[in-house]
Amino acid sequence: MAAVETSAPPGPTTPAQPGRRKLTGYWLLLPGALWLGVFFVIPFYSLLATSLYDPKGSVLGGYDVTFHLANFVDAIRDNADVLVRSLWYAGLATLFCLLLGYVLAYAIAFKAGRWRNLLLVLVIAPFFTSFLVRTLSWKLILADDGFVVNTLQTLHLMGDNDRLLATPVAVIAGLTYNFLPFMVLPLYASLEKIDHRLIEAAGDLYASPVRAWFKVTWPLSLPGVVAGTLLTFIPAAGDYINASLLGSPNQRMVGNVIQNLFSATGDYAAAGALSVILLTIIIGLVLIYVRTAGTEDLV
Amino acid sequence: MPGDSRIGRRTILKGAAGAVFGLGSVAVLPVFGQGGKKQDPAQCRADDESARDKRLVISNWPEYLDEDDGKNLSTLHLFEKKTGIKVSYTDDVNDNIEFFGKVKNQLGSCQSSKRDMFMLTDWMAARMIQVGWIQELDKTKVPNLHANLIDSLAHVGWDPNREYSAPWQSGLTGIAYNKKKVKEVRTFEELLTRPDLRGRISLLTEMRDTMGLIMLIDGTDPSRFTQAQWDKALERLRKARHDGQVRAFTGNEYIQDLAAGNVVACEAWSGDVANAGNDDLVFVPPEEGMMIWADNMLIPNLATHTANAERWIDYYYDPEVAAKLADYNQYICPVKGAQQAMEKIDPDNVDNELIFPTEKTLSVTHSFMALSEDQIRSYEGDFADVTGG
Amino acid sequence: MSQAANGQRADGSRSLRLSKLTKEFAAFTAVKSLDLEVPAGSFFALLGPSGCGKTTTLRMVAGLETPTSGSIHLGDLDVTYEKPYRRPVNTVFQNYALFPHLDIYENVAFGLRRRGGKEVDRQVREMLDLVELTTQARKKPPQLSGGQQQRVALARALINRPDVLLLDEPLGALDLKLRRSMQLEIKRIQTEVGLTFVHVTHDQEEAMTMADTIAVMNAGVIEQMGSPDELYENPRTTFVANFLGQSNLIAGTIVGRDGDVVKVDMEGTVVSIPAERAHADAGKGWVGIRPEKVLIAPAGEPINAPGNHMTGGVVTDVSFVGVSTQYLVRMPWGQELMVFEQNTGHRAMLAPGTHVDVSWRPEFAFLLDASQDVNAGIEEA
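Residues numbered from 1 in each chain as written. Chains lettered and ligands numbered in written order. Predicted model: local features only at pLDDT ≥ 70, side-chain atom pairs only at ≥ 80, totals over all residues. Heavy atoms only, no water.

Chemist: Can you break down the domain arrangement of chain B residue by residue, with the values?
Modeler: How big an interface is tends to be stated in terms of the accessible area lost upon association of its parts. Residues and elements named next belong to chain B. Each assigned domain of chain B is listed here: domain 1 (55-170 + 293-355) and domain 2 (171-292 + 370-388). On a C-alpha basis, the centres of domain 1 and domain 2 stand 26 Å from each other. Listed by partner, the interface residues are 18 residues for domain 1 and 22 residues for domain 2. Together, the buried faces of domain 1 and domain 2 total about 1,800 Å²; carbon and sulfur atoms form 49% of this surface. Among the residues of domain 1 in contact with domain 2, Trp123, Trp293 and Tyr331 are the three that bury the most area, contributing 36% of the side total. Here domain 1 and domain 2 share zero salt bridges between them. Our count for the domain 1 to domain 2 interface comes out at 10 residue pairs in polar contact (both at pLDDT 80 or more). Listing elements by their share of the side of domain 1 that touches domain 2, those giving two or more residues are helix 3 (96-108), helix 4 (122-130), strand 4 (165-178) and helix 13 (319-329). (Domains from an automatic or database assignment. Contact = heavy atoms within 4.5 Å. Buried area = accessible area lost by both parts, 1.4 Å probe. Salt bridge = Lys/Arg side-chain N within 4 Å of Asp/Glu carboxyl O. Polar contact = N/O pair within 3.5 Å; in protein donor to acceptor, adjacent residues only side chain to side chain. Helix = DSSP H or I, 4+ residues; strand = E, 2+ residues; numbered from the N terminus.)

Put into structure tokens, the structure is as follows:
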């Protein structure tokens, strides 16, 4: 409402004009509202309804919305370990993405010179093949008989019976690999905007390069850090491809459980409840995070 | 200040709007319920365009159909040559439940699945027939089926007179291992517990195969078991999973992990190992016993080439064609007379127990109990809790 | 201005000495073997058109560029290859480069905090007082006007009491009026704090207003260095003559030296130029005279304070600029001379087409070597 009030011109004007302006504003909102309605509000309600299905429903017999709130209790009780594991894996992957991505984005923004565009294209290049195919190829690379494991075993960095595939290492590495571009691009965008003279100015004002990074570059790149970590953490927490292809059943993430409940068991109620719980946890974490990072304007 | 009362009014208005919105939301949620998926195959059928449109669209499991071999045409190409029907054949069935997920929305609401035929395992075939998604076969158009189907498969409980289904191949579930990497695995119990196999075995996502074999460890009969026996078997599985013994629960793709060396031993289907063409891979019947099953040709509702599909069934029930097929995929052949026909095609396979099992072999095979809808949900749920979560 | 032997004054500021300083980039040489000495406590301006190498010189002093050869000394201290953050030098950047994420207070405190200085709060408050921004301390830089940002930039550098303060076109982003008042403001502050200021600018008026000493730079070398009036009154090159103010440069042939003067035959008139103002002694030369030194009168009328007298001019253009009237006069040999006449009101403006005589006192003229481009420094100014 406030937006409409301020968009009306101040002071006395002809009475017809503000009304027409207001209407124009609403018409302009329409495509966005429709988009949100079709692709967010309706699916969200559908998911919410699913989480309240009668747990006795079945694919063949149908499902009724009986507001069975115990679905949530059951979902948390049955999947607490998986939820914790998902957040832990996604958090670690986000941290690794940040460490790798910051160095990469920094190098591209400040040191790459004429290679900059080429490097950016290379960062995006993995998107030209499908997520699934890329993850499958990691399965080949990390295979027990593959050259990575063989090399590490030859160097005695791994025992003969150790493996990479079907371990948390492989799953977290897969998540890190797959979501790295989502970290690099916002980081690059915010680093690239930093006026190089600010860093010179910090050096001129007695800040060593390390201090200058902490006092100037890092705080100015924070919007990119926040955007990048959110873009990495949120999809990573709900991902199931990496855990299912690179992990064993002991590395299952919440995405795998939801997928399994939906497509194998047909237990829509539990699947819906678990999805809503995941959504709530992520929104909660994001709010806390963004508040702490001091970039409320992103929310 | 005059603002105070305004703020008070605003708060109340906001609260009221929130309450209305919340109640409205709750009221609208039941709209998102889902109806049942039962259909009546008599109502939900399409006109047969077979005569006019000489095509046939089939979905089957991978590695399940012979291929052209030098100058010998595959059975599929011979069928096309003989009938003039163009077959679109896709191997997109990897797992019964996964495939069920692919077609349930269409078939459950009387829409076309865009297929004229697919092959599914007994229990899934039973379930689909039960909810009316499958068209009845015209008996007069499949004479070979009724003449040549082997006796053991002719009268199953869920389709006593084979009015809706025709077995494509039958098979056994047992163990496969890589003899170069690991010493012989003789029992299913070894598979689940042997320390040298830790993290290097895979099991199948087919609940009936996996749980059946585990029940056999305890001597439980998978066709007649109690809840306590089920629970005991489930506990064995849970322990194996938590100990990290199991690397993956898979569909048909297990054979790739086995060939790649990521998995050294696994639960396997009899024909796959022979088909893999790798001499290091061995199929073993576990000492506890094996599971037996069949995949069935089914014609779904709204299929538009019913008569062509029936010609296909009748064609594959010709003993010579059946022998050629079995020679390729090494599964149990459901067609009488194929063993004699095999003598001409590949004498080595005439006495292959995996294709033509003797009575003695069949005596150690088991099938899984028929389950009610409630039992399906309960057992599938239990199983998924262990394999998926 | 008592200066200790080591070039460091009692209050801590030091002299700056550049020796044979050279900076080559891949494609060109920005600074060629530059020698320069800036006395401690002075306000020094590096003046030149863009691309003349003045900013590169400044950046080398700040440590932001590494010299190709040569050396930089602060007093006795060789800082040629010292890291920028270890130099007792601070810079007021062009466009200020204020830290947008820090408020004004923290911007000003930045250098002190890095050096772990004591009494940060007291010093910051004093400095904000000096630049009259006490009330803005908690605002962020984008909320301030251009002039205020400029003062923050100055305060942020000054608070560190550097041996040398570098100002890189500090007023370039301000409008004319604000620029004038900031010029005086900066000059006031410099006098108050007594630090050595090195000011880089392309604006000759700004340099003359603020600096004690100006070095005019062109194409990587210093053309001439001296006090503003010295440079203006006695330029040594055509570039300086044209870049600082305007000059009439008339071709002549040097006749020879006669005592304290050099005689030059200029289009038939022999003019005498004092020896200390003659920067050529044989062959061809440019006789230079500033337009305001040229007196003008209608043909035949006597000219007050006569000197070198030339007849036969015709007024071709007149522009009235208030304090003065600017004439263009075509001389018999075809050259147009600029003449600025003070608006004293003793005579009406001369109309275009009027036949006039012009005259100037010989001691105001200067003589330059003819090998130089007569137009050097005009375009750039």
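Additional details are given in the paragraphs that follow.
Chemist: I'd like a description of the interface of chain C and chain A, backed by residues and values.
Modeler: Listed by partner, the interface residues are 24 residues for chain C and 17 residues for chain A. Together, Tyr85, His101 and Arg114 of chain C form the three largest contributors to the area buried by chain C at its contact with chain A, with a combined 34%. Scanning the region where chain C abuts chain A turns up one salt bridge. As a salt-bridge pair, Arg59 of chain C and Glu200 of chain A come within 2.6 Å of each other at their nearest N and O atoms. Between the two partners, chain C and chain A, sit seven residue pairs in polar contact (both at pLDDT 80 or more).

Chemist: A description of the pairing of strand 3 (residues 117-121) of chain B should follow, citing residues and the corresponding values.
Modeler: Residue and element names in this part refer to chain B. Of all five residues making up strand 3, five are buried, and the element is well covered by its neighbours. On strand 3, burial covers both faces: Met117, Met119 and Thr121 on one face and Phe118 and Leu120 on the other are all buried. Across two bridges, strand 1 (residues 55-59) lies against strand 3 in parallel orientation. Counterpart to Ser59 in the pairing with strand 3 is Phe118. Pairing of strand 3 with strand 9 (residues 290-298), which is carried by four bridges, proceeds in the antiparallel orientation. (Buried < 20%, exposed > 50% of the residue type's maximum accessible area, 1.4 Å probe, protein only. Pairing = 2+ DSSP bridges.)

Chemist: Would you mind going over the sheet that holds strand 5 (residues 77-78) of chain C in detail, with residue names and values included?
Modeler: Residues and elements named next belong to chain C. What the four strands build is an open sheet, ordered 2-1-4-5; its pairing is antiparallel. Here the strands that pair on one side only, and so sit at the sheet edges, are strand 2 (29-38) and strand 5. Sheet analysis places strand 1 (residues 16-24) next to strand 2, joined by six bridges and oriented antiparallel. Within strand 2, the position partnered with Arg17 by the bridge is Glu37. Docked against the sheet, helix 1 (residues 54-62) engages strand 1, strand 2 and strand 4 (69-74), running at close to 115° with respect to strand 1. (Axes fitted to C-alpha atoms, helices over the stretch in contact; angles between N-to-C directions.)

Chemist: Quick rundown of the nonpolar core? Include the residues and the values.
Modeler: Looking at soluble globular proteins, one finds that nonpolar side chains tend to be buried together. Ranked by internal contacts, the top residues of the largest apolar core, which has 89 residues, are Met128, Trp168, Met297, Trp312, Ile313 and Tyr316 of chain B. The residues that make up this core include at least three from each of domain 1 (55-170 + 293-355) and domain 2 (171-292 + 370-388) of chain B. Contact partners of Ile313 of chain B, with chain neighbours within four places excluded, come to Met117, Leu137, Val142, Leu145, Ala166 and Met297 of chain B. Counting residues in hydrophobic clusters, the runner-up holds 56 residues, among them Ala109 and Val184 of chain A together with Leu16 and Leu36 of chain C. (Core = buried A, V, L, I, M, F, W, Y, C linked by side-chain atoms within 4.5 Å.)

Chemist: Give me the interface of chain B and chain A: which residues, what numbers.
Modeler: If you look at the interface, chain B gives 42 residues, while chain A gives 38 residues. Roughly 3,200 Å² is buried in total at the junction of chain B and chain A, and carbon and sulfur atoms are behind 54% of that figure. Considering only the surface of chain B that becomes buried against chain A, Leu29, Phe32 and Arg247 of chain B emerge as the three largest contributors, covering 20% of it. Here Asp144 of chain A makes a salt bridge to Arg247 of chain B, at a shortest N to O gap of 2.8 Å. Where chain B meets chain A, there are 14 residue pairs in polar contact (both at pLDDT 80 or more). Listed by contribution, the elements that provide at least two residues to the side of chain B that touches chain A are helix 1 (2-28), helix 3, helix 9 (227-242), strand 6 (246-250), helix 10 (254-260) and helix 16 (373-388) of chain B. Broken down by element, the side of chain B that touches chain A gets its largest block of residues, seven residues, from helix 16 of chain B. A per-class count over the side of chain B that touches chain A returns 15 nonpolar, 14 polar and 13 charged. (Nonpolar A, V, L, I, M, F, W, Y, C, P; charged D, E, K, R; others polar.)

Chemist: Please provide a residue-by-residue account of the packing of aromatic side chains, values included.
Modeler: According to the stated counting rule, one finds 38 aromatic pairs over all chains in the structure shown. Ring centres of Tyr254 of chain B and Trp269 of chain B lie 6.0 Å apart, and the angle between their planes is 75°; on these two criteria the pair is classed as edge-to-face. Here the residue Tyr254 of chain B occupies a position in helix 10, and Trp269 of chain B occupies one in strand 7 (residues 265-269), the gap between them amounting to 15 residues. Of the two residues, Tyr254 of chain B and Trp269 of chain B, both sit in the buried class. In this structure an aromatic cluster arises from ring pairing among Trp61, Tyr64, Phe79, Trp168, Tyr254, Trp269, Trp293, Trp312, Tyr315, Tyr316 and Tyr331 of chain B. Across from the ring centre of Phe99 of chain C, 4.8 Å away, lies the NZ or CZ of Arg156 of chain C, which sits over that ring. Positioned above the aromatic ring of Phe364 of chain C is the side chain of Lys293 of chain C, whose terminal nitrogen or guanidinium carbon lies 5.5 Å from the ring centre. (Phe/Tyr/Trp six-rings, centres within 6.5 Å; stacked < 30°, edge-to-face > 60°. Lys NZ or Arg CZ within 6 Å of the ring centre and 35° of its normal.)

Chemist: Break down unusual backbone geometry for me, citing the residues and quoting the values.
Modeler: Leaving glycine out, the prevailing phi sign among residues is negative, and the prevailing peptide bond configuration is trans. The backbone phi angle of Arg162 of chain B is positive, close to 50°, even though this residue is not glycine. Counting through the fold element by element, Arg162 of chain B comes out in the loop between helix 6 (151-154) and strand 4. Judged by its relative accessible area of 2%, Arg162 of chain B is buried. Even without being glycine, Glu119 of chain C reaches a positive phi, approximately 50°. When you line up the elements, Glu119 of chain C lands in the loop between helix 2 (104-114) and helix 3 (120-130).

Chemist: How would you sum up the environment of Leu107 of chain B? Please name residues and give values.
Modeler: All names here are of chain B. Of note, Leu107 is situated in helix 3. Given a relative accessible area of 1%, Leu107 falls into the buried group. Measuring from C-alpha to C-alpha, the distance between Leu107 and Lys37 comes to 7.8 Å, with 70 residues separating the pair along the chain. Not counting residues within four places of it along the chain, the set of residues in contact with Leu107 comprises Gln39, Ser113, Phe118, Trp133, Pro300 and Asn301.

Chemist: Could you give me a rundown of a nonpolar patch on the surface, with the residues and numbers involved?
Modeler: Residue and element names in this part refer to chain A. Where nonpolar side chains cluster on the molecular surface, the patch consists of Leu23, Tyr26, Trp27, Leu29, Leu30 and Leu34 and spans about 680 Å² of accessible area. Tracing the chain through its elements places Leu29 in helix 2 (residues 16-51). Among the residues examined, Leu29 registers a relative accessible area of 53% and is labelled exposed. (Patch = residues over 30% accessible without salt bridge, like charges linked within 9 Å, V, L, I, M, F, W, Y side chains within 5 Å. Areas by Shrake-Rupley, 256 points an atom, 1.4 Å probe, with all protein chains shown as cover.)

Chemist: Mind laying out a negative patch on the surface, listing which residues take part and the relevant values?
Modeler: Residue and element names in this part refer to chain B. On the surface, Glu63, Glu67, Asp68, Asp69 and Asp91 cluster together to form a negatively charged patch. Relative to the helices and strands, Glu67 resides in the loop between strand 1 and helix 2 (75-83). With a relative accessible area of 56%, Glu67 lands in the exposed category. (Lys, Arg positive; Asp, Glu negative; His and termini not counted. Charge placed at Lys NZ, Arg CZ, Asp CG, Glu CD.)

Chemist: I'd like a description of the arrangement of the chains, backed by residues and values.
Modeler: With two pairs of chains in contact, the largest contact count belongs to chains A and B. At the level of C-alpha atoms, the two units chain B and chain C stay apart, their nearest approach being 30 Å.

Chemist: Help me get a handle on the side chain of Glu288 of chain B, residues and values and all.
Modeler: Residues and elements named next belong to chain B. Inspection of the secondary structure puts Glu288 in the loop between strand 8 (281-284) and strand 9. With no salt bridge to any partner, buried Glu288 finds its closest opposite charge in Arg236, at an N-O distance of 7.5 Å. Only 2.9 Å separates the side chain of Glu288 from the backbone nitrogen of Phe188, close enough to count as a polar contact. One polar contact links the side chain of Glu288 to the main-chain amide nitrogen of Glu189, over a distance of 3.1 Å.

Chemist: Now, about the state of the cysteines: what can you tell me, with residues and values included?
Modeler: Two cysteines form a disulfide when their sulfur atoms are joined by a covalent bond. All names here are of chain B. As enumerated under the stated definition, the model contains one disulfide over all chains in all. The disulfide that involves Cys44 links it to Cys110, with 1.9 Å between the sulfurs. Measuring handedness by torsion sign, the sulfur bridge of Cys44 and Cys110 sits at about 115° and is right-handed. Residue Cys44 is found in the loop between helix 1 and strand 1, and its partner Cys110 is found in the loop between helix 3 and strand 3; the two are separated by 66 residues along the sequence. Taking relative accessible area as the criterion, Cys110 reaches 29% and is therefore assigned partly exposed. (Disulfide = S-S within 2.5 Å.)

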